[in-house]
Amino acid sequence: MAKKLKQIAIYGKGGIGKSTTTSNLSAALSEMGLKVMQFGCDPKSDSTNTLRDGKYIPTVLDTLREKTVIKAHDVIFEGFNGIYCVEAGGPAPGVGCAGRGIITAVELFKQQKVFEELDLDVVIYDVLGDVVCGGFAVPIREGIAEHVFTVSSSDFMSIYASNNLFKGISKYSNSGGALLGGVIANSMGTPYSKEIIDDFVAKTHTNVVEYIPRSVTVTQSELQGKTTIEAAPNSAQAGVYRSLADKIARHTESKAPTPMEVTELREWAAKWGDYLLELEQNKITSHGAAI
Ligand code: ADP
Ligand code: MG
């Protein structure tokens, strides 16, 4: 029986930790013996960096600018543990749609039947932020990715971006679009970060797949141009990424989220704001009383 290719997409606000999480996820999945492709869909084109000792690879759009006809293999590069790395790339600054790289690359791979030929188990698309432009919505809209995960911290802007993503998913959920696998809670460890994310997923009828602590091991590994799985394989943080990989490998059922309306989201945030302020003031009062 032919094995089933699992295609997942990781979305989230810029700088929230998508590429870091995705690369560690790819690395951990490859350790489990799976054949993985990581497909960077951010015009920043740095998704696969830490899988290749900090080195950048030519993007699909850059390569297309040099020659009009390309073979898929011209844009696939091998990374850590045999992971296939691709960067869709972006348009020349200030020109065109930033999502064009994704559309072009996905078309190219489809035509040349690349996934079948490489006999892949998992393809992970690492996609920037809000669903603001058609290109970024491609993995969701076309149902290319079956399962979508969002990386979010407890910061409001990050939650706002995830809520927007939920709106995008809901829009296409009845027409063959991708569904939500869950929220990957990143940079946990600041006070109330877990409580805030837990409350957000409860409100939107979603779930947290994994809590990933903010960790200096990640910083150290990144400075060496490597994933934490490669640079610090025995660290607690590597264990967290392996746990995430295990859950995602076994994940089968995704669902449509229930996004909040903008005013509802604003009120929800304001309530948390008031609560945190109250806690802070109580702390100051009790601290003051003790002096
Ligand atoms: P994105 O791909 O969403 O733009 P990155 O993965 O490039 O974000 O991460 C942005 C920065 O945050 C990087 O310098 C990365 O090392 C750091 N980072 C992400 N997750 C963590 C974490 N759990 N602990 C410490 N640093 C992190
Ligand atoms: Mg990135």
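Look a little higher up for the structure.
Every value quoted in this text rests on a predicted model; they were computed, and no experiment measured them. (Residues numbered from 1 in each chain as written. Chains lettered and ligands numbered in written order. Predicted model: local features only at pLDDT ≥ 70, side-chain atom pairs only at ≥ 80, totals over all residues. Heavy atoms only, no water.)

Engineer: Teacher, can you tell me more about the overall build of the chain here?
Structural biologist: When helices and strands are tallied, the chain shows eleven helices and eight strands. For 291 residues, the compact-globule estimate of 2.2 N^0.38 gives 19 Å, and the C-alpha radius of gyration of the chain, at 20 Å, lies within 12% of that figure. Seen through its C-alpha atoms, the chain measures out along the principal axes to roughly 75 × 45 × 45 Å. Counting every position in the chain, which comprises 291 residues, the buried fraction comes to 51%. For the chain, the share of sequence-separated contacts (at least 6 apart) that also reach a separation of at least 24 residues comes to 78%. (Helix = DSSP H or I, 4+ residues; strand = E, 2+ residues; numbered from the N terminus. Rg over C-alpha atoms; globule rule 2.2 N^0.38 Å. Buried < 20%, exposed > 50% of the residue type's maximum accessible area, 1.4 Å probe, protein only. Contact = heavy atoms within 4.5 Å.)

Engineer: I'm lost on the packing of aromatic side chains in this one. Help?
Structural biologist: In this description, a pair of aromatic rings is defined by centroid distance and the angle of the planes. The full count for this structure, using the stated rule, is eight aromatic pairs. Considering the side-chain rings of Tyr192 and Tyr275, the 6.1 Å spacing of their centres and the 80 degrees angle between planes classify their relative orientation as edge-to-face. With a gap of 83 residues between them, Tyr192 in the loop between β7 (179-188) and α7 (193-203) and Tyr275 in helix α11 (residues 262-290) connect regions that are remote in the sequence. Owing to a relative accessible area of 37%, Tyr275 belongs among the partly exposed residues under this scheme. When the ring centre of Phe156 is taken as origin, the NZ or CZ atom of Arg266, which lies over that ring, is 4.7 Å away. (Phe/Tyr/Trp six-rings, centres within 6.5 Å; stacked < 30°, edge-to-face > 60°. Lys NZ or Arg CZ within 6 Å of the ring centre and 35° of its normal.)

Engineer: Any chance you could explain the site of ligand 1 here in plain terms?
Structural biologist: Around ligand 1, 17 residues are found, and the nearest of them are Gly15, Lys18, Ser19, Thr20 and Glu222. Within the backbone of Gly17, an N or O atom sits 3.0 Å from an oxygen atom of ligand 1. In isolation ligand 1 has 570 Å² of accessible area, and contact with the protein removes 87% of it. Those elements giving two or more residues to the shell around ligand 1 turn out to be α1 (18-31), β8 (208-213) and α8 (216-223). With three residues, the single largest contributor to the shell around ligand 1 is α1. When grouped by side-chain class, the residues that make up the shell around ligand 1 number four nonpolar, eight polar and five charged. (Near = heavy atom within 4 Å. Polar contact = N/O pair within 3.5 Å; in protein donor to acceptor, adjacent residues only side chain to side chain. Areas by Shrake-Rupley, 256 points an atom, 1.4 Å probe, with all protein chains shown as cover. Nonpolar A, V, L, I, M, F, W, Y, C, P; charged D, E, K, R; others polar.)

Engineer: Can you help me understand the side chain of Thr22 in this one?
Structural biologist: The topology assignment puts Thr22 in helix α1. If we ignore the near neighbours within four places in the chain, the residues touching Thr22 are Ile10, Gln38, Ile124 and Asp126.

Engineer: Which parts of the structure should I look at to understand the nonpolar core?
Structural biologist: Generally speaking, soluble globular proteins have nonpolar side chains that are buried together. Judged by nonpolar contacts, the single largest core of 51 residues is most densely connected at Met37, Phe39, Ile76, Phe109, Tyr125, Val148 and Trp268. Among residues more than four places away in sequence, those in contact with Ile76 are Met37, Tyr84, Cys85, Val86, Phe109, Val114 and Leu118. Grouped together as the second largest cluster of nonpolar side chains are 28 residues, Leu51, Ile57, Ile83 and Ile229 included. (Core = buried A, V, L, I, M, F, W, Y, C linked by side-chain atoms within 4.5 Å.)

Engineer: Help me understand the environment of Pro213, please; the structure alone is not making it clear to me.
Structural biologist: Within the secondary structure, Pro213 sits in strand β8. The class for Pro213 is partly exposed, based on a relative accessible area of 33%. Between the alpha carbons of Pro213 and Thr190 there is a distance of 9.2 Å; along the sequence they are 23 residues apart. Setting aside chain neighbours within four positions, we find Pro213 in contact with Ser187, Met188, Gln237 and Val240.

Engineer: What's the story with the pattern of salt bridges in this structure? I'm lost.
Structural biologist: Think of it this way: side chains of opposite charge can pair up when their charged atoms draw near. This model, assessed by the stated rule, comprises nine salt bridges. A salt bridge links Lys4 to Glu146; the nearest nitrogen and oxygen atoms lie 3.3 Å apart. With Lys4 in the segment before β1 (6-11) and Glu146 in the loop between α5 (134-141) and β6 (147-152), the pair connects residues that are 142 residues apart, well separated along the chain. Classification of Glu146 as partly exposed rests on a relative accessible area of 37%. Across the pair Arg65 and Asp62 runs a salt bridge, and its minimum N-O distance is 2.8 Å. (Salt bridge = Lys/Arg side-chain N within 4 Å of Asp/Glu carboxyl O.)

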